[in-house]
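A closer look at the structure
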Amino acid sequence: MHLKTILLFLLVTLTGVKVPKEFNARVIGVVDGDTVKVLYQNKPIYIRLEHIDCPEKGQPFSTKAKQFVSNKIFGKTVKIINKGKWHWNRLIAEIYFDNHKNINKNLIEEGLAMHFKKYSKNKEYALLEVKAKQLKIGMWSLPNVITPWQYRKQPK
């Protein structure tokens, strides 16, 4: 058995939840701008929003990103589309709400998240970020933006 297969098996076993590529679930928590908790078949699952990275706690716009996600999807039943990837016990996915709106893309459009180019080559997300930068929306209104991944590497 391949190591990836074994790890995926362990993650599914540890979380106790096996999910299809597309499923609906109710959002029961918002951890931060890019991580939410949903209830699927009476089991909680953490979802890490794919393609994006929101400002970390302590960075400008971190609280606004979390509040934006809460206002849009908390308590709602959403559609989750994933590729079966898990990272740190979180399912990597895109979340759709209110007739096909994509919360991942909305965060980029509002300048509340960056395109996470290290893990995503998606051109649509890249273009949404360029547009938000040009319009100086959200975090892009600041003179010196520190990426969340740079911020995480800084000594505490």
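Calculation rules
- Residues numbered from 1 in each chain as written.
- Predicted model: local features only at pLDDT ≥ 70, side-chain atom pairs only at ≥ 80, totals over all residues.
- Heavy atoms only, no water.
- Phe/Tyr/Trp six-rings, centres within 6.5 Å; stacked < 30°, edge-to-face > 60°.
- Helix = DSSP H or I, 4+ residues; strand = E, 2+ residues; numbered from the N terminus.
- Buried < 20%, exposed > 50% of the residue type's maximum accessible area, 1.4 Å probe, protein only.
- Lys NZ or Arg CZ within 6 Å of the ring centre and 35° of its normal.
- Pairing = 2+ DSSP bridges.
- Salt bridge = Lys/Arg side-chain N within 4 Å of Asp/Glu carboxyl O.
- Expected span 1.5 Å × (residues − 1).
- Arc of directions from axis to C-beta.
- Contact = heavy atoms within 4.5 Å.

The next thing to look at is the packing of aromatic side chains. A full pass over the atoms with the stated rule returns three aromatic pairs. Consider the rings of phenylalanine 23 and tyrosine 40, whose centres lie 4.5 Å apart with planes at 55 degrees: the pair is tilted. Taken together, the residues phenylalanine 23 in strand S1 (residues 22–32) and tyrosine 40 in strand S2 (residues 35–40) connect sequence positions 17 residues apart. For the pair formed by phenylalanine 23 and tyrosine 40, the shared burial category is buried. Chaining the aromatic ring pairs together yields one cluster made of Phe116, Tyr119 and Trp149. Its guanidinium or amino end placed over the ring of tryptophan 140, lysine 133 lies 4.9 Å from that ring's centre, counting from NZ or CZ.

What follows deals with the pairing of strand S3 (residues 43–49). For S2 and S3, the ladder comprises six bridges, and the chain directions are antiparallel. Note on S3: the bridge partner recorded for lysine 37 is tyrosine 46. Where S2 folds back onto S3 in an antiparallel hairpin, the turn is made up of two residues, including glutamine 41, whose phi is positive at roughly 50 degrees.

For the rest of this paragraph, the subject is the pattern of salt bridges. Scanning the entire structure with this criterion turns up ten salt bridges. Ionic pairing is found between aspartate 98 and lysine 76, a salt bridge with its closest N-O pair at 2.9 Å. Here aspartate 98 is found in the loop between strand S6 (90–97) and strand S7 (101–102), whereas its partner lysine 76 is found in the loop between helix H2 (62–73) and strand S5 (77–87), with 22 residues between them in sequence. Aspartate 98 gets classed as partly exposed once you look at its relative accessible area, which sits at 36%. Judged by its relative accessible area of 27%, lysine 76 falls in the partly exposed class. Glutamate 124 is the salt-bridge partner of lysine 105, the closest N and O atoms lying 2.9 Å from each other. Taken together, the positions of lysine 105 in helix H3 (residues 103–109) and glutamate 124 in helix H4 (residues 123–135) put the pair 19 residues apart, joining distant regions of the chain. The class of glutamate 124 is partly exposed, set by a relative accessible area of 43%. It is possible to trace a salt-bridge network through shared partners that takes in Asp34, Arg48, Asp53, Glu56 and Arg152.

A few words on H4. A turn of α-helix holds 3.6 residues, and therefore any two residues three or four places apart point the same way. Between its first and last C-alpha, H4 extends 18 Å over 13 residues, near the 18 Å set by a 1.5 Å rise per residue. Burial in H4 covers these residues: Tyr125, Leu128, Glu129 and Ala132. Buried residues of H4 fall within an arc of 100 degrees about the axis and therefore sit on the same side. Turned more than 90 degrees away from the buried face of H4 sit Lys123, Leu127, Lys131 and Gln134, all of them exposed. Here the buried face of H4 lies against strand S4 (52–53), S6, S7, H3 and strand S8 (114–115). Taken from the residues just after H4, lysine 136 is the one with a positive phi, measuring 55 degrees.

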